[in-house]
Amino acid sequence: RVYMSHQPVHPWFKLCLDFLFAGGIAGGIEICITFPTEYVKTQLQLDEKASPPKYKGIGDCVKQTVQSHGVKGLYRGLSSLLYGSIPKSAVRFGVFEFLSNHAKDESGRLDSTRGLLCGLGAGVMEAVLVVCPMETVKVKFIHDQTSAKPKYKGFFHGVREIIRERGLRGTYQGLTATVLKQGSNQAIRFFVMTSLKNWYKGDNPNKTINPLVTGMFGAIAGAASVFGNTPLDVIKTRMQGLEAHKYKSTVDCAIKILRHEGPAAFYKGTVPRLGRVCLDVAIVFIIYEEVVKILNTVWKTE
């Protein structure tokens, strides 16, 4: 049993609090810091060649956005991600910890392959339960701002309008692409993190890892996931935009992008995404690990 202030508490309650506080705090802070790069990445991915391109590059996208909407324009769509950050992080770390606790060997060590599979499971679950509806709303908000007369006045108004126009299914556009993206995302990240942690700890599974080292490992894991699945991210963004009706399916979207824009289009927004994701993953893992340490000093396990 777990005790706090001499009161017995069920271990699962402690586990839920760990994921809620650690994951939620980490997710909320990193989104507020890195969202402008997410905004620019999404704009560049939505800026199709056939339009023709509205932006010449990252700097031009930032310049035009600030000129038209002010600095706050770079934070359009933030609320949809902020509202979803707590459940997303809770599901991600919760499922990963649950699966990894059952996958560890007798010495408590999780090997890289099992880390990849646990990450895959966590990514798929967070995609279905949280990320797909959250990302659909975010992409529509950002895409809506590029129109002459934006129709979404805020998060709840936008969600209401999307559901009114397209039904609940309207918040699940691009589900297949999102599942593929999040599944591969977390599989790559947790595989790299598990591999680096095992390398660092060597034969001592209880060796403490410095927060700066955790952050460095997280940045490396984030970079690996960007180069590994940016094409899926581009497809997902197109499938969730306001012009998603042009595509019959995820495969159809991929074929049309390849046919009309070439292979390079699958790596649109890579640079801003690389900056955001490396910072994102580093911050999330540092804060998560540190908050869990703090909670473990408060909740005594016997």
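Residues numbered from 1 in each chain as written. Predicted model: local features only at pLDDT ≥ 70, side-chain atom pairs only at ≥ 80, totals over all residues. Heavy atoms only, no water.

**Q** Give me the lowdown on the overall build of the chain, citing residues and values where you can.
**A** The number of helices and strands found in the chain is nine helices and three strands. Taken from N to C terminus, the helices and strands of the chain fall in the order β-β-α-α-α-α-α-α-α-α-α-β. The 302 residues of the chain split such that 51% are buried. Pairs at least 24 residues apart make up 77% of the contacts formed inside the chain by residues separated by at least 6 positions. Carbon and sulfur atoms make up 64% of the accessible area of the chain, which amounts to about 14,600 Å² in all. (Helix = DSSP H or I, 4+ residues; strand = E, 2+ residues; numbered from the N terminus. Buried < 20%, exposed > 50% of the residue type's maximum accessible area, 1.4 Å probe, protein only. Contact = heavy atoms within 4.5 Å. Areas by Shrake-Rupley, 256 points an atom, 1.4 Å probe, with all protein chains shown as cover.)

**Q** Please set out the pattern of salt bridges residue by residue, giving values where relevant.
**A** Within this structure, the stated rule accounts for 11 salt bridges. Close ionic contact of Lys197 with Glu289 constitutes a salt bridge, the shortest N to O distance being 2.8 Å. Placement of Lys197 in helix α6 (residues 175-201) and of Glu289 in helix α9 (residues 270-298) is noted, with a sequence separation of 92 residues between them. Overlapping salt bridges bring together Lys41, Lys181 and Asp233 as one network. (Salt bridge = Lys/Arg side-chain N within 4 Å of Asp/Glu carboxyl O.)

**Q** Run through the nonpolar core, naming residues and quoting values.
**A** Counting 42 residues, the largest nonpolar core has Phe35, Tyr39, Val40, Phe93, Phe96 and Phe285 as its most contacted members. Broken down by secondary-structure element, the contributors of at least two residues to this core are α1 (11-46), α3 (78-103), α4 (112-145), α6, α7 (211-240) and α9. Looking at this core, the element that brings in the most residues is α9, giving 10 residues. With near-sequence residues (within four places) excluded, Val40 lies in contact with Ile58, Cys61, Val62, Leu74 and Pro272. Residues Cys253, Ala254, Ala265 and Phe266 belong to the second largest nonpolar core, which totals 10 residues. (Core = buried A, V, L, I, M, F, W, Y, C linked by side-chain atoms within 4.5 Å.)

**Q** Account for the packing of aromatic side chains, naming residues and giving values.
**A** The way to describe two aromatic rings as a pair is by their centre distance and the angle between their planes. For the structure shown, the criterion picks out eight aromatic pairs. Seen in terms of ring centroids, Phe35 and Tyr75 are 6.3 Å apart; in terms of plane orientation they differ by 25 degrees. Their pairing is stacked. With Phe35 in helix α1 and Tyr75 in the loop between α2 (58-69) and α3, this residue pair connects regions lying 40 residues apart in the sequence. By relative accessible area, which is 1% here, Phe35 ends up buried. With 6.0 Å between their ring centres and 75 degrees between their planes, Tyr200 and Phe217 make a pair best called edge-to-face. You can see Tyr200 sitting in helix α6 and its partner Phe217 sitting in helix α7, a full 17 residues away along the chain. Given a relative accessible area of 3%, Phe217 falls into the buried group. Three or more aromatic residues link up through ring pairs in this structure, and these residues are Phe93, Phe96, Phe190, Phe285 and Tyr288. (Phe/Tyr/Trp six-rings, centres within 6.5 Å; stacked < 30°, edge-to-face > 60°.)

**Q** Residue-level account of empty space enclosed by the protein, with values.
**A** This model, assessed by the stated rule, comprises three cavities of 30 Å³ or more. Volume-wise, the largest cavity comes out at about 230 Å³. The wall of the largest cavity is formed by 21 residues, among which Lys88, Arg92, Glu135, Arg276 and Asp280 lie closest to the centre. Of all the secondary-structure elements, those providing two or more residues to the lining of the largest cavity are α1, α3, α4, α6 and α9. Ranked by residue count, the leading element in the lining of the largest cavity is α1, at seven residues. Its residues placed into classes, the lining of the largest cavity shows six nonpolar, five polar and 10 charged. (1 Å grid on protein atoms, 1.4 Å probe; cavity = no way out; pocket = protein on both sides within 12 Å on 5 of 7 lines; lining within 4 Å. Points joined across faces, edges and corners; volume = space filled by probe spheres on them. Nonpolar A, V, L, I, M, F, W, Y, C, P; charged D, E, K, R; others polar.)

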